[in-house]
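Spelled out, the chains give:
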Amino acid sequence: MSKKKWIAVVMLCVSLAVIIALPAFASNNAQIKIPRDFFVKFAKTIKYYNGNNDSKVAFKIGNIQVPVSEVEKKKELLEQAGNGNVTYDEVVKSIARNKILLEEAKKRGIEITFEQAKKRSLQEKDEIYKNADKDQIAAVEEYIKALGISSDEYWNDYNAKEYQIYMTVNALYEDIIKEAEQGGKIEKFPSKTGETKEIQKKFVEDYIENFLNNTKIEVVDSDLKGKLKEIK
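Residues numbered from 1 in each chain as written. Predicted model: local features only at pLDDT ≥ 70, side-chain atom pairs only at ≥ 80, totals over all residues. Heavy atoms only, no water.

Moving on to the overall build of the protein. Of the regular secondary structure elements, the protein holds 10 helices and 3 strands. Starting at the N terminus and ending at the C terminus, the protein contains elements arranged as α-α-α-β-β-α-α-α-α-α-α-β-α. Taken over 232 residues, the protein has a buried fraction of 39%. Taking all contacts inside the protein whose residues are at least 6 apart in sequence as the whole, residues at least 24 apart take part in 71%. (Helix = DSSP H or I, 4+ residues; strand = E, 2+ residues; numbered from the N terminus. Buried < 20%, exposed > 50% of the residue type's maximum accessible area, 1.4 Å probe, protein only. Contact = heavy atoms within 4.5 Å.)

Looking now at helix α9 (residues 194–213). With 20 residues, α9 should cover 28 Å at 1.5 Å per step; its first-to-last C-alpha distance of 28 Å lies within 8% of that length. Residues Thr-196, Gln-200, Phe-203, Val-204, Ile-208 and Leu-212 constitute the buried set of α9. End-on view of α9: buried residues confined to an arc of 165 degrees, all on one side of the axis. Of the residues in α9, the exposed ones pointing more than 90 degrees away from the buried face are Gly-194, Glu-195 and Asn-213. Where α9 is buried, its residues touch α5 (88–107) and α8 (151–182). (Expected span 1.5 Å × (residues − 1). Arc of directions from axis to C-beta.)

In this section: the packing of helix α6 (residues 114–131) against α8. Taken N-terminus to C-terminus, the directions of α6 and α8 make an angle of 115 degrees; their axes are 7 Å apart at the nearest point. For the pair α6 and α8, the crossing hand works out as right-handed. In this structure, α6 contributes Phe-114, Gln-116, Ala-117, Lys-118, Arg-120, Ser-121, Leu-122, Glu-124, Lys-125, Ile-128 and Tyr-129 to the contact, and α8 contributes Ser-151, Trp-155, Asn-156, Asp-157, Asn-159, Ala-160, Lys-161, Tyr-163, Gln-164 and Met-167. Residues that form the contact of α6 with α8 fall into these classes: 9 nonpolar, 6 polar and 6 charged. (Axes fitted to C-alpha atoms, helices over the stretch in contact; angles between N-to-C directions. Left-handed = near helix turned anticlockwise from the far one by under 90°. Nonpolar A, V, L, I, M, F, W, Y, C, P; charged D, E, K, R; others polar.)

Between its terminal C-alpha atoms α5 stretches 28 Å, which fits the 28 Å expected from 20 residues at 1.5 Å a residue. The complete set of buried residues in α5 reads Tyr-88, Asp-89, Val-91, Val-92, Ile-95, Ala-96, Ile-100, Leu-101, Glu-104 and Ala-105. Lining the buried residues of α5 we find β1 (57–61), β2 (64–67), α4 (68–80), α8, α9 and α10 (222–227). Downstream of α5 by one or two residues, Gly-109 has phi in the positive range, about 75 degrees.

Before going further, it helps to examine the side chain of Asp-221. Following the sequence through the fold, Asp-221 ends up in the loop between β3 (218–219) and α10. At 3.1 Å, the side chain of Asp-221 and the side chain of Lys-56 are in polar contact. Of the polar contacts made by the side chain of Asp-221, one reaches the backbone nitrogen of Asp-223; its length is 3.3 Å. Sequence-distant contacts of Asp-221, that is, excluding residues within four places in its chain, are made with Lys-56, Val-57, Ala-58 and Val-68. (Polar contact = N/O pair within 3.5 Å; in protein donor to acceptor, adjacent residues only side chain to side chain.)

Of the residues in the protein, 84% have a pLDDT of 70 or more, and the chain-wide mean is 82. Considering only residues more than four positions removed or in separate chains, one finds that residues 1–32, a stretch of pLDDT under 50, has 60 contacts. (pLDDT = per-residue confidence, 0-100.)

Structurally, Glu-104 can be placed in helix α5. Residue class for Glu-104 comes out buried when judged on its relative accessible area of 11%. With sequence-adjacent residues up to four places away left out, Glu-104 is seen in contact with Leu-172, Tyr-207 and Phe-211.

Further remarks concern the pattern of salt bridges. For the structure shown, the criterion picks out 11 salt bridges. Linking Asp-221 and Lys-56 is a salt bridge whose minimum nitrogen-to-oxygen distance equals 3.1 Å. Of this pair, Asp-221 sits in the loop between β3 and α10 while Lys-56 sits in the loop between α3 (36–50) and β1, placing them 165 residues apart in sequence. Judged by relative accessible area, which is 42%, Lys-56 ranks as partly exposed. Across the salt bridge formed by Lys-93 and Glu-230, the nearest N and O atoms sit 2.6 Å from each other. Here Lys-93 is found in helix α5, whereas its partner Glu-230 is found in the segment after α10, with 137 residues between them in sequence. Relative accessible area serves as the criterion here: at 33%, Lys-93 is assigned to the partly exposed category. Through salt bridges with shared partners, a single ionic network connects Glu-104, Arg-108, Asp-175 and Glu-179. (Salt bridge = Lys/Arg side-chain N within 4 Å of Asp/Glu carboxyl O.)

The following block contains the structure:
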């Protein structure tokens, strides 16, 4: 199984939003070796926080309320995945960014149905079991087991919901690019090369960063306030 394909497996099964941003997985030359107990530990953390009913609010973005448990979950997962220096400011900004993206997609009328996401999830399942080696498949299965759900529940529901978010954000990116091309803010290229993709990627990143900078994050929890350095 190629390194690129294995990264896709990791991203699929171990939180897209967390893994996709990790520098440890960014090198095109490094051989990825992930201990199987990494998946189990990661899944147990997710299970713990998903079962946490504490609704204490950490911060707000407009009408969106983010619980303390979500902040702690994201921080712990990032640390487990190798980002030991992650700050609470970075965690809050990352969560805020994701919330803002989904809210913007909703405002633009972008909707990925659950059935579309479920279809994609099952396609990925087939691809993994067809292309991954025995150890990699075992790691995926141990991850699912540690989440406390069955394989059917994972691929048909849990992972489909994760994919629904992932596909919605991708659709938003495409819509931002299309809007920019129509408005003459970036050139409309006849074909997508590596260079044109980088131009589009930078435009979207700048657009989102500007959007985030102009969004008020209201910190509610006093303990979290004490842990933040940039956001006040």
